[in-house]
Structures are given as structure tokens and as C-alpha cells.
Amino acid sequence: MNREQVLASAEQQEIAFAQLEFVDPVGIGRGVLLAREHLPQALNRGINFSVSTMAVSLDSHIVVPELGVQAGDFWAVADPSTYVVLPYLERTAHLFADLVDADGRPWPGCPRAALRRQCAAAAQELGRVTLGFEQEGALVKRENGRPRWAHEGHFFNFDILNAEHPFLLDLVGVLRAMGIEPEKARAENQFGQIELNIRYGEPLAAVEQHWRFKQAFRHLARRHGLIGTFMPKPFMEAQGSGLHLHIGLRDSAGHDLFFDPDDDSGLELSALGRHFLAGLLAHSGGILALGSPSVNSYKRLLPGTWSPAHSGYAVGNRSVFVRVVESRPAAAGGPSAKRLELRSPDGTCNPYFLAIAVIAAGRDGVRRALDPGPALTGHDTAELSAAERERLGARFLPRTLDQALAVLEADEVLREALGPLLFGSFLAAKRDELESYHTVISEREYAHYLEHF
Ligand code: GLU
Ligand code: MG
């Protein structure tokens, strides 16, 4: 849709409000609710925001002094091609915004512009990247004020899905109405964790469909009396919620560039695919910081939990950082395509940042013709001895957010990909968040210290 078409359909659909939204470095959606009559202004000139909006921590502190309240504005300009009606709110539309400076040039803090730059560079150097976001989320209730899982059942069984039928029906209907294709849903753990796969696509579109999916999931769960959460590890006893990112690469004619059935390593990966994969491994620490950016993320990334604690890759192995997705041979109806599944991220990330990091890391791997080293095929990384891990190159990934941020800070490729403003703002906001864990006194401390010392 172009601007005129957006205005015409908003009028025809009797839209009352339009949400104009962008995502800040720590993955919080920010924006403004416009009366329909003011939509032309958002589409043309944009709506101004203090630059501080993109430099705020989860405790709402402004974390970058140069982006303080004295530092002026950027303008959020609605992208008409992203217009949808939000089916779960009355008479309300939604658009994503590009952030521009006073002269209308991309503002250096615009995540969409940074992702477009990455995609354009990838298109020149490699081909067209596709991304598929496979998000797991948990349905949670409160009991005496404490969060508690909503179900007790079995994973991959239908009882939980049947019990949540009204929620799932609503969710699928809402996604379809927003032009998002839901493919399949499953109960991922025995406590009410649900995974819903939506179709892969071009990076920017895939990121924004994923964003809309998350908001719909949270909103509709609330309407059904539950908390729908993408917190990575809400309960110690239960498997956490991952955001598995499926990465593909094609040429302009649509041919898959990762697939090579004659690859003698058995991975069915082209040389390009191997280098891209090696780039992901080489930047694993930085990818962890950007894709698993919360204190809680590191309570999910533990050995023996179906989520990766070590660097490394393999075919048919869900304990590794990157899974080379297995396929049936072409003769058995298998696809003639290969995908890489990055298994570390979670739903607390800024998905634009995750996409930027993955593409930049892959490009770097190809540029430097990196080798991914031996595969961990057949090994559950949780079961390997230290000596075997050493031999196979299965190093521990950063164990805490603190460690991951330190690795990210030294990663020049990812710094360059995000640009200094977004990179600096992300680091500062995350360090502010970490600081709060060092100062706020937790239940755990009372258990350890209050009555024993
Ligand atoms: N829930 C697991 C995770 O935290 C993943 C399970 C699966 O392989 O889908 O990543
Ligand atoms: Mg899953």
C-alpha cells in the first residue's frame, strides 16, 4: 500500500486510531497513538520524539548522556507498506515507523535502516537472506500473586492445545487477518508452553511479522485470563522458551545457495553455507548478547535443556548453537534447500538487532572464508567430557549477561553493523539493567543470609 491507499482504506474501514511503532534497543515497543485525522502527518512529515526514547533501560533510566533530554528529536515516519488493522483492538490500525533526522535522512538510531543496510550488503555479496522466527511462549497464571504454569500435561500432546482451543482459534484468526501465515502449533513442554510457527520471509518483513505475532499472543492470552510470556526461563523446573531463527540464502532466481547434495562432509552444505555458519560461530558471544540479552536468558542456556550452552554445530542435534536442519533426500520428497537454525536467541531480544547480527556475522564468515571446524553431530553437548569438548571445539558460550556484553563490546563487526548509536545505547541500557541485579535485594538472598548469619 502507498500513502493514498492507506488513507483511503483507513477511512473506508472507519479506523479511529493508528498506532505508530518502533522498537527500542532493549526490545520495548515505543510509539504514539494517532487519531485517524493525524495519520497524514505521520505518513508525510513524521511525528517527533526525543532521541532519549532510544536510550532507555528497562527501569526507564536514560542511559546515554549524549542522548539526554537536551539532545533534540528524531522523526518517526509511518511506512505505508506496513499498514494493518489490528483485529484484537477496536477500529485501530498499526504501522511501523522509519526514524529520520530533521532533513529526512535515516537517523543513525533507526533499527529498520540498519537492517536494510545489512540486507543490501548481503544481496550484493551473497544473495537474498530469508529468516524464519520460531518462537516459543508460555501460558502462565498467578496463584496467590506468584506466577505458576497454566497446565500440567505432556509435551507434543494435544490435551493442552485442546484446552487452549479458544485462545488458539483467536490467535490464528488474528494472525491471518494481519497477513501472517501460521503454519503449525505444538505444546512444547508439559506446563503450557506453546510454539507457533509462522512462515519465513525477507528479513525486515519476517522481523515485523514476528513482532506482531508476539503482541497478539500476549494480548489474546490476557483476554483469555492468562499471561502469555516470552520470558526465557519463567520456571526453574520447566524447559525455557527459545526463539529459534531459521536462516536461508537464495540467489535472485530463487535457487538455494546453502544446499549442496554432494558435500563430502555429510552436511549437504555449500562452501558458502559453511563459511556463513563459521561466521555465526565466530561471533557467537556477540550474537548471544544481542539475541539473549536478559539476566534470565542465561538461566535457559544450560546443558541438558534442549537449548545451547556450548558453541558448535551439528546435523540433527538440538543441544547445539547452530543446527544444520536435516532433510529427507530429494528422492523421498525432501526439499532441495538447506537451512541453518540458530538455537540460542529468546523473545527478550530486539528482533531487528538479532537479524542484523546474524547477517553481519554470516557475511564476515564468507568474507574471511572461515571454516566451522568439526561438527558435533551425534553428541549431546551436555554429556561430553571436558576433554571431548576441547577436542570438538564445543566451548562454553558466555555464562552470564555480563560476560556476553563484554564479548559483544569487543566485536567490531557487530558494532559496525548496528552503528555506534544503537550499539552504545544497547550496551549502556543492558549494563544499567545488570546493575539493578547487583543492588536490588532478592528472595534468594533472604533464603541464604537472613536467618543463617
Ligand atoms: N524449549 C527449548 C529451548 O529453550 C527448545 C525445544 C525445541 O527444540 O523446540 O530452546
Ligand atoms: Mg520448539
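The structure contained in this document is the topic of the report that follows. All values reported here derive from a predicted model rather than from experimental measurement. (Residues numbered from 1 in each chain as written. Chains lettered and ligands numbered in written order. Predicted model: local features only at pLDDT ≥ 70, side-chain atom pairs only at ≥ 80, totals over all residues. Heavy atoms only, no water.)

With respect to the packing of helix H6 (residues 203-223) against helix H10 (residues 351-367)
Packing of H6 against H10 leaves a shortest axis separation of 9 Å and a crossing angle of 150°. The handedness of the crossing between H6 and H10 is right-handed. In this structure, H6 contributes Pro203, Leu204, Val207, Glu208, His210 and Trp211 to the contact, and H10 contributes Pro351, Tyr352, Ala355 and Ile359. (Axes fitted to C-alpha atoms, helices over the stretch in contact; angles between N-to-C directions. Helix = DSSP H or I, 4+ residues; strand = E, 2+ residues; numbered from the N terminus. Left-handed = near helix turned anticlockwise from the far one by under 90°. Contact = heavy atoms within 4.5 Å.)

Re the packing of aromatic side chains
When we look at a pair of aromatic rings, we describe it by the centre distance and by the angle of the planes. Applying the stated rule across the entire model yields 15 aromatic pairs. For the ring pair Phe22 and Phe49, a centre distance of 5.0 Å and an interplane angle of 85° mean the geometry is edge-to-face. Taken as a pair, Phe22 in strand E1 (residues 17-23) and Phe49 in strand E3 (residues 47-50) lie far apart in primary sequence, 27 residues in all. Of the two residues, Phe22 and Phe49, neither departs from the other in class, the shared state being buried. Through pairs of rings, three or more aromatic residues link up here, namely Phe22, Phe49, Phe74 and Trp107. (Phe/Tyr/Trp six-rings, centres within 6.5 Å; stacked < 30°, edge-to-face > 60°. Buried < 20%, exposed > 50% of the residue type's maximum accessible area, 1.4 Å probe, protein only.)

Brief notes about the layout of surface pockets
By volume, the second largest pocket is sized at about 760 Å³. As for the second largest pocket, its lining consists of 41 residues, of which Glu134, His246, Arg323, Arg339 and Glu341 are closest to the centre. Taken together, the elements giving at least two residues each to the lining of the second largest pocket come down to strand E7 (128-143), strand E9 (182-187), strand E10 (193-198) and strand E12 (243-250). The element best represented in the lining of the second largest pocket is E12, accounting for 6 residues. The class makeup of the residues in the lining of the second largest pocket is 10 nonpolar, 12 polar and 19 charged. (1 Å grid on protein atoms, 1.4 Å probe; cavity = no way out; pocket = protein on both sides within 12 Å on 5 of 7 lines; lining within 4 Å. Points joined across faces, edges and corners; volume = space filled by probe spheres on them. Nonpolar A, V, L, I, M, F, W, Y, C, P; charged D, E, K, R; others polar.)

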